[in-house]
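# Descriptive structure summary
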Amino acid sequence: MWMKMSHFSCEDEALLQSMLRQLLQSVKEKITGAPSVECAEEILLHLEETDENFHNYEFVKYLRQYICSTLGSVIEEETEKCTSAQNQGEGSGYDTLVQHVTKKTRESKEYREMMHSLKNVMMVVVESLINKFEEDQMRNKEMHRKTKKEQHSAYYTDNCSDSDSSFNQSYTFMNQEQLQLLVERLDPAQPKEVRQEAMQTLCSAPPSDVLNCESWSNLRKHLTMSLSDPDSTFSDKILRFYAKIFSSSPLNMTREVYTSLAKHLELYFLSGENCVPTISDGIDITNPEIIRLLKKVRLLNEYQREVPSFWIRHPEKYMEEIVESTLLLLSVKREQRHLVCPKLLDPVYFLALLDIKAVWFKKWMHANYSRTVVLRLLEKKYKSLINASVQQCVYYFESCESAVDATSRVNVLPQQYSSNNQKTFYSGKELQYIYFVHSLCLLGRLLIYKQGRNLFPIRLENRKDFISLTDLLVLFIRFIYCSPTCPTTTLTVHTGNYSPAILVTEVLQILCDRTECATECLYTNTVIDALLHPIHNLLNGKEMYINCPETSLIHIADILARIAAVEDGLSLLLYGGNMNTAKKDSLTAAHTIVQFTKKLLDENISVLSGTEMLPALKGAFIFVCRQMYGTCEGLQVLIPYCLHESIADAWKKASSLSERIPTPVPGTDSISSGNQESQNIMVWEETLLDDLLNFAATPKGLLLLQNTGALNECVTFMFSRFSKKLQVSGCERFGYGVMVTQMAATSPGAVALQRSGFIKTLITELWAILECGRDDLRVTHPSSTPVDPIDRSCQKSFLALVNLLSYPAIYELIGDQEIPNKPEYSLREVPTNVTDVIDRLIILNSDAKIHSLFNYEQSHIFGLRLLSVLCCDLDTLLLLESQYKLSQVLLNAQKENIIETSEGPGNFIIDGLSVERNHILVRINLTGGPAERILPQRVLNKGTDPYPWSMFSSYPLPRCYLSEAPRKADFRQDSDLNKLLAFFKNPDKQLVWIENCRKQFCKIMKAKPDVISGTILAELIEKFVLHLSENPSECYFSTEGYEVYQGIGPPITHESAPDICQIVTA
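Since we're looking at a predicted model, the values are computed, not measured.

Time to look at the confidence of the model for the chain. Should pLDDT be low for a region, the predicted coordinates there are not to be read in detail. Across the chain, pLDDT averages 81, with 79% of residues at or above 70. The low-confidence segment residues 405–420 (pLDDT under 50) makes 39 contacts with residues lying over four places distant or belonging to another chain. Under a pLDDT of 50 for its full length, residues 1036–1066 has, in the predicted model, 16 contacts with residues more than four places off or in other chains.

For the rest of this paragraph, the subject is the nonpolar core. If you look at the biggest cluster of nonpolar residues, it comprises 253 residues, and the most contacted ones within it are Leu378 and Phe456. Filtering out sequence-adjacent residues up to four positions away, Leu378 remains in contact with Leu327, Phe361, Lys383, Leu385, Ile386, Leu446 and Leu455. Among the nonpolar cores identified, the runner-up in size contains 23 residues, and Met19, Leu20, Leu23 and Met122 belong to it.

A cluster of nonpolar side chains, contributed by Phe1001, Met1005, Leu1017, Ile1021 and Val1025, occupies part of the molecular surface with about 390 Å² of accessible area. Looking at the nonpolar patch, the elements that each hand over two or more residues are helix H49 (993–1007) and helix H50 (1015–1030). Per-element tally for the nonpolar patch: the top contributor is H50, with 3 residues. Mapped onto the elements of the fold, Val1025 is located in helix H50.

Time to look at the environment of Thr278. Counting through the fold element by element, Thr278 comes out in the loop between helix H15 (251–270) and strand E1 (283–284). For Thr278, a relative accessible area of 8% corresponds to the buried category. Residues Thr278 and Pro342 lie 64 residues apart in sequence; the distance between their C-alpha atoms is 6.2 Å. In contact with Thr278, not counting residues within four places along its chain, are Pro342, Lys343, Leu344 and Leu345. Polar side-chain contacts of Thr278 include one of 3.2 Å to the side chain of Ser280.

To continue, consider helix H10 (residues 176–185). Buried residues of H10: Gln178, Leu179, Leu182 and Val183, and no others. Down the axis of H10, the sector holding all buried residues measures 140°, keeping them to one side.

Before going further, it helps to spend a moment on the packing of aromatic side chains. Overall, the coordinates contain 23 aromatic pairs when judged by the stated rule. Grouped by ring-pair contacts, the aromatic residues Tyr396, Phe397, Tyr433, Phe436 and Phe479 constitute a single cluster. The residue whose ring lies beneath Lys357 is Tyr498, and the NZ or CZ to ring-centre distance is 5.4 Å. Sitting over the face of the ring of Tyr426, Lys423 holds its NZ or CZ atom 5.2 Å from the ring centroid.

In the segment running from Phe456 into Pro457, the intervening peptide bond is cis, with an omega of 5°. Cis rather than trans, the peptide bond between Tyr955 and Pro956 has omega equal to 5°. Counting through the fold element by element, Pro956 comes out in the loop between helix H47 (912–925) and helix H48 (975–985). In this structure, Ala358 is a non-glycine residue whose phi angle is positive, near 55°. Looking at the secondary structure, you find Ala358 in the loop between helix H18 (347–354) and helix H19 (359–364). For Lys885, which is not glycine, the phi torsion reads 50° and is therefore positive.

A few words now on the pattern of salt bridges. Inspection of every chain in the model, using the stated rule, returns 27 salt bridges. Where Lys822 meets Glu829, a salt bridge forms, and the shortest distance between an N and an O atom there is 2.5 Å. Beyond isolated ion pairs, a larger network of salt bridges with shared partners links Arg255, Glu256 and Glu321.

To continue, consider the packing of helix H27 (residues 525–540) against helix H28 (residues 549–564). Helix-helix packing is described using two parameters, namely the angle between the two axes and the distance between the axes. Their axes nearest at 10 Å, the elements H27 and H28 cross at an angle of 135°. In terms of their interaxial angle, H27 and H28 are classed as oblique. As H27 packs across H28, the resulting crossing turns out to be left-handed. Contact residues: H27 offers Ile528, Leu531, Leu532, Pro534, Ile535 and Leu538, while H28 offers Leu553, Ile556, Ile559, Leu560 and Ile563. When the residues that make up the contact of H27 with H28 are grouped by side-chain class, the tally is 11 nonpolar, no polar and no charged.

This part is about the packing of helix H17 (residues 316–330) against helix H20 (residues 368–380). Viewed as axis vectors pointing N to C, H17 and H20 meet at an angle of 45°, and their least axial separation amounts to 10 Å. Relative to H20, H17 is oriented oblique. Two packed elements cross with a definite hand, and for H17 against H20 that hand is right-handed. On the side of H17, the interface is formed by Glu316, Met319, Glu320, Val323, Glu324 and Leu327, while H20 contributes Tyr369, Ser370, Val373, Val374, Arg376, Leu377 and Leu378. Along the lines of polarity and charge, the residues of the contact of H17 with H20 split into 8 nonpolar, 1 polar and 4 charged.

For helix H30 (residues 589–602), spanning 14 residues, the distance from its first C-alpha to its last is 20 Å, which sits close to the expected 20 Å at 1.5 Å a residue. Extensive coverage of H30 is indicated by the burial of 11 of its 14 residues. Within H30, the full set of buried residues consists of Ala589, Ala590, His591, Thr592, Ile593, Val594, Phe596, Thr597, Lys598, Leu600 and Leu601. Directly after H30, the chain includes Glu603, whose backbone phi takes a positive value near 55°.

Basis of the calculations
- Residues numbered from 1 in each chain as written.
- Predicted model: local features only at pLDDT ≥ 70, side-chain atom pairs only at ≥ 80, totals over all residues.
- Heavy atoms only, no water.
- pLDDT = per-residue confidence, 0-100.
- Contact = heavy atoms within 4.5 Å.
- Core = buried A, V, L, I, M, F, W, Y, C linked by side-chain atoms within 4.5 Å.
- Buried < 20%, exposed > 50% of the residue type's maximum accessible area, 1.4 Å probe, protein only.
- Patch = residues over 30% accessible without salt bridge, like charges linked within 9 Å, V, L, I, M, F, W, Y side chains within 5 Å.
- Areas by Shrake-Rupley, 256 points an atom, 1.4 Å probe, with all protein chains shown as cover.
- Salt bridge = Lys/Arg side-chain N within 4 Å of Asp/Glu carboxyl O.
- Helix = DSSP H or I, 4+ residues; strand = E, 2+ residues; numbered from the N terminus.
- Polar contact = N/O pair within 3.5 Å; in protein donor to acceptor, adjacent residues only side chain to side chain.
- Arc of directions from axis to C-beta.
- Phe/Tyr/Trp six-rings, centres within 6.5 Å; stacked < 30°, edge-to-face > 60°.
- Lys NZ or Arg CZ within 6 Å of the ring centre and 35° of its normal.
- Axes fitted to C-alpha atoms, helices over the stretch in contact; angles between N-to-C directions.
- Parallel < 35°, antiparallel > 145°, perpendicular 65-115°, else oblique.
- Left-handed = near helix turned anticlockwise from the far one by under 90°.
- Nonpolar A, V, L, I, M, F, W, Y, C, P; charged D, E, K, R; others polar.
- Expected span 1.5 Å × (residues − 1).

If you want it as structure tokens, here you go:
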């Protein structure tokens, strides 16, 4: 059926035409229903996916046969080559095979010849179809004529709409001669009517045909020149045609349209013939000329925002053309003819008016692919754009400084417009502010990247000094407290907040969240001093020209908190950038912050007292201090200021106020001012409790919290938040779990945790997971049998108990308490305390306890694993052994696991429980490291002897668990050791003997590490400490009597310590 393209006859052409006509007739409804040419093209491209009869069309069959006959041998040859390579281990799968064969086939000579031949034949066939179509159109054109204007356009198309929407226009295909004629008619030298008719026809043509025509370069020049046509209707049609190309054409075509539009705007601003408004005149957006200009800039900006999503799929040179044309346009500066002439508006002002936050630049800088090109061009050619942005920020700051009035408020912009009225005019000051916001956002995005920061320092016009990166950051920070509160007076048609303080804070927050940026930009004393400048002035009582000081200070506190949340930033605040050279009496940033915080809590700052935002301001600066006192080194710096006492006093005051709040009455207005005030008080009280609670992050801080008397309230508050599963702040280093562990390490903390109900809830949740499971899944989805000793669902509860049950907590929770040992346990009886856990999960010494468990083996193993961890603490082990005779309980359980035979006791039953008990018995009866004892494994081996370890049910332990350490020779005759001991016998020169001892000790440890061990090491340490205590300059602790423990009964002093040692070692 297929014909050779080299012998293409008229019959073959007619056959192909019929095949193609059949295909088009089959998809006629789909194509005619398409809203545009682009959609019709998409339908044809995806026809195989949407038409189930696709492979039955004769034209498709013809193409398939033609491709197989032409390329079949090439595909088979490449497949064999790739398959043999895969058999030798060089390939990597079916996907790689297909990709390789496809690539090689498309690179072959046969493929190129086939595509060339097929293209020539199909061009002949399609051109014949188009000619027939045009003949039909010419016969019926009288039926479609309605007006005289439509008669001219009937030669190319029928029913071409003048609507603004390009989606409602019909379309037609055009050959090269028609497109050439169209280009000639669009020549600016042609009459206006001819050009309008040609433009109307051009809008109805497929963009792909227009861009691929031979005369596209001339057409592009004509369209660019026609954009300056005084007829706005004609230029608007050109812009719609450009928009159509932008939305439906690939980058290699749209870049030419974009660069031509950018070039037109560049020439527009450089030309002296166009009436570009000055800054002092402002912009009236009802002016027709301004409307035309804004439409062009808007189309440019919309493409700028969209193009980053697909330009990575094209060569880099295309992207570079777009970037360079944009930067060249924004760098345009029209020369002033006279020095006194007002400054004309540059293109960047119009772009900023339409994209105030520089979203286009943000998208261009997002991917490394485009960011590299943008930064390279900025550095080499267009650094003036960065200079202009910095210059605008400097200009705005100087305007703010010069606009301070007698009321100590900054007043740069006019009063706010009503948001109900459509804004049609932007004054010069408003345009300057819009450009400032655009510059601020652009520079903020630039500072994120190292290559962007490398553009600094820069030199501005009329300035001798360079502006460094630190200078720019200081300038940004000063905007927080030296700028208008809310410049919404400028922008009523935009959404969002454009306050300089908020914009700068957003930039600094992004820099803080990136370690490299923060280290290079923010972690310097100069930047910290700039942040603390208003705080210093308020502490010293100096007059401050700050508009809305509460808001500005809250922004500053937010940045300081983010800095303090990172180790390097915290070190900078605590020690002034150099921990080694910092003087103890120097007031670093941390001292300034805590002093200001205490004054806020005491309300000793007259400027801020009595304001509604004072509680929020207090909370913001306490949060900064919280980042510091949450660490040991930070707390050490802040201790002298007794900040915990100030916070506790503020909490007691807020607590007393909250107690006076009347109970809400149903039916009353819940949003009244009184209720709002009471809610604010309750929020403030919880904030202070949370701040006090965070002192528990360190052991010393926990002691300070205990001294405030608010420990129980803080733990209750923590439990309420913990039970609600509320997340902590992003600046926090850890959650409440760490503080629970810290509190459980002290007796008062453990008691507070028990009183709050935290321990009860934890154990109840454990029991629900371990014994009950989820009720809603019991029938439809029964739980799987656990294969691990501790199931995954119980691991979180297990770790929580391990972190909770330190020795102080164990002593407070089970000290002097007997286990219940009830004769009967109800299946609904749930443990609520640690004693119940020991009774129900660890010491299972009765059938009643065993029968009360649904999952006996799993639950008992959980308890034994918990016991194994607890016994690692010798104090806990002694307590459990003295109260519950733990080892005897385990031995009895092992004895019950022996098989009774007629001849007497037999072998042990080896199961998970007996293995776990055996491990614990060895662990609690033999102390020491791996060289002093051998712990049995908890797993069974494969084979005939699954458990090679000896089990026992009575003492003494089998000798297989005792490590036989090799007997060491007496090294006391060693010369180096004798030399070391000699130093201790003759400590005459107290200033040099310590250094000599250390040198000799290091020498022995390097050469003969086995010499110093055991009793010899103990003897050396004892003599060394004795000599240190006799030397006043080296003595760290006093040799006077001291109390070891303060509790019930008389204190234990160091004189009575030997007696205690004898009791323990007996």
